[in-house]
Structure formats: C-alpha cells, structure tokens
Amino acid sequence: GAPASSPAASAPPAATRSNGDNDDPTSNPDDGEVEKIEAEENTEEEVLHEVRAKNMKMEKGQWKKFGAGVLRLYRHKVNSKCRIVIRNGIGKVQFNVGVSKGMEFEKVIKQSKKGPATYVKFFAIEDASKGMEVFMLQVKPDCLDKLHEKLEGMVK
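A short tour of the structure in this document, coming up. (Residues numbered from 1 in each chain as written. Predicted model: local features only at pLDDT ≥ 70, side-chain atom pairs only at ≥ 80, totals over all residues. Heavy atoms only, no water.)

1. Some points on the overall build of the protein chain
Defined as follows: Numbering goes from the N terminus for both helices and strands, where a helix is a DSSP run of H or I of at least four residues and a strand is a run of E of at least two. Summary of the burial criterion: residues with accessible area below 20% of their type's maximum are buried, those above 50% are exposed, and those between are partly exposed, where the area comes from a 1.4 Å probe applied to protein chains only. In what follows, residue pairs with any heavy atoms lying within 4.5 Å of each other are defined as contacts. Working definition of accessibility: Shrake-Rupley area with a 1.4 Å probe, residue cover restricted to the visible protein chains.
When its secondary structure is counted, the protein chain shows three helices and seven strands. When its helices and strands are written in sequence order, the protein chain yields α-α-β-β-β-β-β-β-β-α. The buried share of the protein chain, taken over its 156 residues, is 30%. A sequence separation of at least 24 residues applies to 46% of the contacts in the protein chain between residues at least 6 apart. About 10,400 Å² of surface is accessible on the protein chain, with carbon and sulfur atoms providing 52% of the total.

Quick look at the structure:
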C-alpha cells in the first residue's frame, strides 16, 4: 500500500496550487489583465460618476454623432481639476474635455417615435484651435438626472 499512497498524498497539494491565480497562468487570461490595467492606470484622479453615453457635437449647424462608450467624470485628487472622458469598448479615448467652474449643463429631452431621447448639452473646448464648441452627451432617460446632477456638482 505504501507506493500507492505516496502519489495520492502529493496530488492534493498540486491540485490546490494549480487553482491559485498566481501559479496557474491559464486562470488569468490576457484579456482580463488588460482591462484591469486599463481601470487602475489612473491613480491621480477619482471617478465621480460612470455611465454609458454617446457624444454629439454641433458641426455646421447639424448634430454629428461620435463614438459611444463609457463616460466617466474625473476629479484630480491634488488640483481638483475635473474632466469628462468617454472611452470605447477597447479603452480608446473618444472624448476628453476639461470641466471648469461656471460651465452650464442643460438637460435636453427630445421626443421620438421610440420614446424620449435624453441629453446633457454644454459648451466646452475639445480642440484649442477650434475654441468653444457645443456638445451633447446622450444617456438613457433614467440616467439623465444623475449625470446632470454630477456635472453641476463639478462646476460649483
């Protein structure tokens, strides 16, 4: 019985080891790692709010739609500067504007056949060479008030 019991005795520790995240490279697929790094890279700013949104900008009198993604409102921990950032599904920045004191954010609700479309409209500088431009962030109707409230809170 002794030879049979010694491999069996060593099997549980090996199995336990392979279940641990640190020892088994297959338990942490690469795509999971990338997301984790993406989320943690920003240590100097706190996220005040996060919501899915679509960015639109007024160009030549027409609203032009830009990328949709996750919108985050950031406040810098040291200098308290705030900004609005939208990243797409792979983490690429679609929209990034600073929020300054005194900026005004207007709720816009447009009725459509599919129901209300809800936006927050504001003026901001995305590209210094173009100066002040008009933007709208489209969010789901049930997210509008919270986003508007958070933006208002950033400019007080």
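This is not the end of the story, as more comes after the structure.
2. Notes on the sheet that holds strand 2 (residues 62-76)
Formally: At least two bridges found by DSSP between two strands is the condition for calling them paired. Here the axes come from fitting lines to C-alpha atoms, over the contacting stretch only for helices, and the angles between their N-to-C directions go from 0 to 180 degrees.
Ordered in space as 4-3-2-1-7-6-5, the seven strands form an open sheet in which the pairing is antiparallel. Two strands bound the open sheet, and with one partner strand each, they are strand 4 (93-99) and strand 5 (106-112). Between one strand and the next, the sheet's axes are offset by a mean angle of 35°, whatever the strand orientation. One ladder, built from seven bridges, connects strand 5 with strand 6 (residues 115-125); its direction is antiparallel.

3. Details of the nonpolar core
Spelled out, the test is: We define a nonpolar core as any set of buried Ala, Val, Leu, Ile, Met, Phe, Trp, Tyr and Cys residues linked to one another through side-chain atoms lying within 4.5 Å.
Counting 24 residues, the largest nonpolar core has Leu-71, Ile-84, Phe-105 and Phe-122 as the members making the most contacts within it. Of all elements in the fold, only strand 1 (45-59), strand 2, strand 3 (82-87), strand 4, strand 6, strand 7 (132-139) and helix 3 (141-154) reach the threshold of two or more residues within this core. Broken down by element, the residue count for this core peaks at four residues, all from helix 3. Excluding anything up to four places from it in sequence, Leu-71 contacts His-49, Glu-50, Val-51, Ala-53, Ile-84, Val-85, Ile-86, Leu-137 and Leu-147.

4. Section: a nonpolar patch on the surface
Selection criterion: What makes a patch is a set of residues exposed beyond 30% relative accessible area and free of salt bridges, joined within 9 Å when like-charged and within 5 Å when nonpolar (Val, Leu, Ile, Met, Phe, Trp, Tyr). For this analysis, a salt bridge means a side-chain nitrogen from Lys or Arg found within 4 Å of a carboxyl oxygen belonging to Asp or Glu.
Residues Phe-123, Ile-125 and Met-132 make up a contiguous nonpolar surface patch of roughly 330 Å² in combined accessible area. Considering the arrangement of structural elements, one finds Phe-123 in strand 6.

5. So, the packing of aromatic side chains
Operational definition: When the centres of two rings from Phe, Tyr and Trp lie within 6.5 Å, Trp using its six-membered ring, the rings pair. Their planes under 30 degrees apart give stacked, over 60 give edge-to-face, and anything left gives tilted. Look at NZ for Lys and CZ for Arg. If either is within 6 Å of the ring centre and within 35 degrees of the ring normal, a charge sits over the ring.
Enumeration according to the criterion identifies four aromatic pairs in this entry. When the ring centre of Tyr-119 is taken as reference, the NZ or CZ atom of Lys-110 above it lies at 5.6 Å.

6. Some words on the pairing of strand 1
Here strand 1 pairs with strand 2 via 13 bridges, running antiparallel. Residue pairing across strands places Met-56 opposite Lys-65, the latter belonging to strand 2. In this antiparallel pair of consecutive strands, strand 1 and strand 2, the connection spans two residues, and Lys-60 shows a positive phi of 55°. For strand 1 and strand 7, the ladder comprises four bridges, and the chain directions are antiparallel. Bridged to Lys-54 within strand 7 is Gln-138.

7. Quick word on the pattern of salt bridges
If you walk through the whole model with that rule in mind, you get seven salt bridges. Residues Glu-59 and Lys-64 are paired through a salt bridge, measuring 4.0 Å at the closest nitrogen-oxygen approach. On the basis of relative accessibility, which here comes to 27%, the residue Glu-59 falls in the partly exposed class. Given a relative accessible area of 40%, Lys-64 falls into the partly exposed group. Through salt bridges with shared partners, one network takes in Lys-57, Glu-59, Lys-64, Glu-126 and Glu-133.

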